[in-house]
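# A structural walkthrough
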Amino acid sequence: MEVATARPGYELWRPNREKAQNKTTKAVVAFVLLVSAGLIALIVVGGWERMQSSSIAIMSLIWAGLYVFFALLILNWNRGVLPVASALAVIMTIFAVVAAPNWFARDKEGLDSPLLPEDLIGLLVVVLIPVQILLIIVSMIAFNQEWHVEEERPTGGGSLAGEDPGTAPPAPSPA
């Protein structure tokens with residue numbers, strides 16, 4: 001039997017995708033990914049002139065683009081990118097922790113300012129750190145929710161083979 005196909009008269013059902021908690025987690029992960037991408041893009045655009053090289057800035061923009069792509073995949077219930085997003089968030093956290101003090105150290109007389117003030121870029125980098133930690137946490141929570149679990153059920157949502165249809169609660173009687 002092929003993957004993602006059901007026997008005739010049955011349909012595939014993904015019970016974990018119907019839970020409100022899982023839908024909320026999916027939305028939170030996608031939102032945090034988009035916020036992360038926005039922060040990274042704002043930092044890069046605001047500090048482009050003072051980046052160590054344009055290749056670092058381009059790599060950071062690609063990183064932000066990956067986060068947007070991952071958000072779109074997660075909105076389609078693709079849980080395979082969750083550990084990748086979490087791993088990238090760990091690396092970005094390390095980069096942000098190293099970079100933040102340097103942006104504040106640039107706020108001195110005689111140094112050229114980038115497009116955005118150095119203090120603002122430093123603050124955005126500091127804000128990026130807890131956002132990345134949040135991304136790590138919610139990604140791993142979402143990964144453990146098992147969005148990939150599939151079950152077969154009769155077409156129309158009837159009882160599964162082996163289930164006793166008499167175990168369902170009785171319908172309320174008309175008053």
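Let me begin by describing the structure that accompanies this report. (Residues numbered from 1 in each chain as written. Predicted model: local features only at pLDDT ≥ 70, side-chain atom pairs only at ≥ 80, totals over all residues. Heavy atoms only, no water.)

## So, the environment of Leu66
Structurally, Leu66 is set in helix H2 (residues 54-75). Take Leu66: its relative accessible area is 34%, and that puts it in the partly exposed class. (Helix = DSSP H or I, 4+ residues; strand = E, 2+ residues; numbered from the N terminus. Buried < 20%, exposed > 50% of the residue type's maximum accessible area, 1.4 Å probe, protein only.)

## Here we look at the layout of surface pockets
Estimates place the volume of the largest pocket at around 560 Å³. Of all elements in the fold, only helix H1 (20-47), H2, helix H3 (82-105) and helix H4 (118-143) reach the threshold of two or more residues within the lining of the largest pocket. Split into classes, the residues belonging to the lining of the largest pocket amount to 15 nonpolar, three polar and two charged. (1 Å grid on protein atoms, 1.4 Å probe; cavity = no way out; pocket = protein on both sides within 12 Å on 5 of 7 lines; lining within 4 Å. Points joined across faces, edges and corners; volume = space filled by probe spheres on them. Nonpolar A, V, L, I, M, F, W, Y, C, P; charged D, E, K, R; others polar.)

## Here we look at the nonpolar core
Inside soluble globular proteins, nonpolar side chains tend to come together where they are buried. Grouped together as the largest cluster of nonpolar side chains are 35 residues, with contacts concentrated most on Val29, Leu33, Ile40, Tyr67, Phe70, Val125 and Leu128. Secondary-structure elements contributing two or more residues to this core are H1, H2, H3 and H4. For Leu128, the contacting residues outside a window of four places in its chain are Ser36, Leu39, Ile40, Ile43, Met92 and Ala96. (Core = buried A, V, L, I, M, F, W, Y, C linked by side-chain atoms within 4.5 Å. Contact = heavy atoms within 4.5 Å.)

No statement about biological role is implied by the geometric values presented.
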